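# Summary of structural features
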Amino acid sequence: MTVTTIERAEITLLVLPAEPGPRVSLLHAYPIDLGQSADEIGAELDAVAQLEGATRDQLVVAGLEFADPDQHNTNVTLSSADLDGIAWVLGDGGLTLNSAKGVLGVLEHLASVEVPVYA
């Protein structure tokens with residue numbers, strides 16, 4: 001197994017309410033581009049929360065998407081089941097979160113993600 005580091009600006013988070021309605025899938029998730037400024041990201045999260053009749057702290061990361069570093073013009077989408085193996089690297093002090101829970105609360109510190117690649 002190797003690890004591929006994906007920089008923050010290359011990541012799109014897929015966000016859903018913590019308690020989505022019946023039969024909601026990743027296709028219903030809202031994309032949040034982390035290449036934007038903190039203010040733009042915050043405004044998008046607030047808009048998603050308002051659309052869903054929720055508060056911002058009731059949103060969760062349901063998946064993430066990034067350009068495949070090995071395949072030109074190909075995106076990789078990881079669902080919530082795949083997020084368990086990802087390390088969320090925070091830029092201040094090299095701290096790492098090993099769970100997607102709580103990531104939305106520390107987005108301003110997120111520097112990259114480390115994705116395991118199994119050959």
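Everything below is about the structure shown above.
Residues numbered from 1 in each chain as written. Predicted model: local features only at pLDDT ≥ 70, side-chain atom pairs only at ≥ 80, totals over all residues. Heavy atoms only, no water.

## Some details on the nonpolar core
This is how it is decided: Note on terminology: a nonpolar core comprises buried Ala, Val, Leu, Ile, Met, Phe, Trp, Tyr and Cys residues joined through side-chain atoms within 4.5 Å. Buried, partly exposed and exposed residues are distinguished by accessible area as a fraction of the type maximum, computed with a 1.4 Å probe on protein chains only: under 20%, between the cut-offs, and over 50%, respectively. By the criteria applied, helices consist of DSSP H or I runs no shorter than four residues and strands consist of E runs no shorter than two, each listed in order from the N terminus. It only takes one pair of heavy atoms within 4.5 Å for two residues to be counted as in contact.
Leu 13, Leu 64, Trp 88 and Leu 107 are the most contacted members of the largest nonpolar core, which has 26 residues in total. Looking at this core, the elements that each hand over two or more residues are strand 2 (12-17), helix 1 (38-51), strand 4 (59-67), strand 6 (87-90) and strand 8 (110-117). If we skip the residues at most four places from it in the chain, Leu 13 touches Tyr 30, Pro 31, Ile 32, Leu 34, Val 61, Gly 63, Leu 64, Trp 88, Leu 104 and Leu 107.

## A few points about the side chain of Ser 112
Structurally, the position occupied by Ser 112 is in strand 8. Non-local contacts of Ser 112, meaning those with residues more than four positions away in its chain, are made with Thr 5, Ile 6, Glu 7, Arg 8, Ala 87, Trp 88 and Val 89.

## Details of a nonpolar patch on the surface
Operational definition: Here the term patch refers to residues with relative accessible area over 30% and no salt bridge, with like charges joined within 9 Å and nonpolar side chains (Val, Leu, Ile, Met, Phe, Trp, Tyr) within 5 Å. Only the protein chains shown count as covering a residue, and every accessible area follows the Shrake-Rupley method with a 1.4 Å probe. The salt bridge criterion pairs a side-chain nitrogen of Lys or Arg with a carboxyl oxygen of Asp or Glu, the two atoms within 4 Å.
A surface patch of nonpolar side chains, amounting to about 390 Å² of accessible area, comprises Met 1, Val 3 and Tyr 118. Here Tyr 118 shows up in the segment after strand 8. By relative accessible area, which is 63% here, Tyr 118 ends up exposed.

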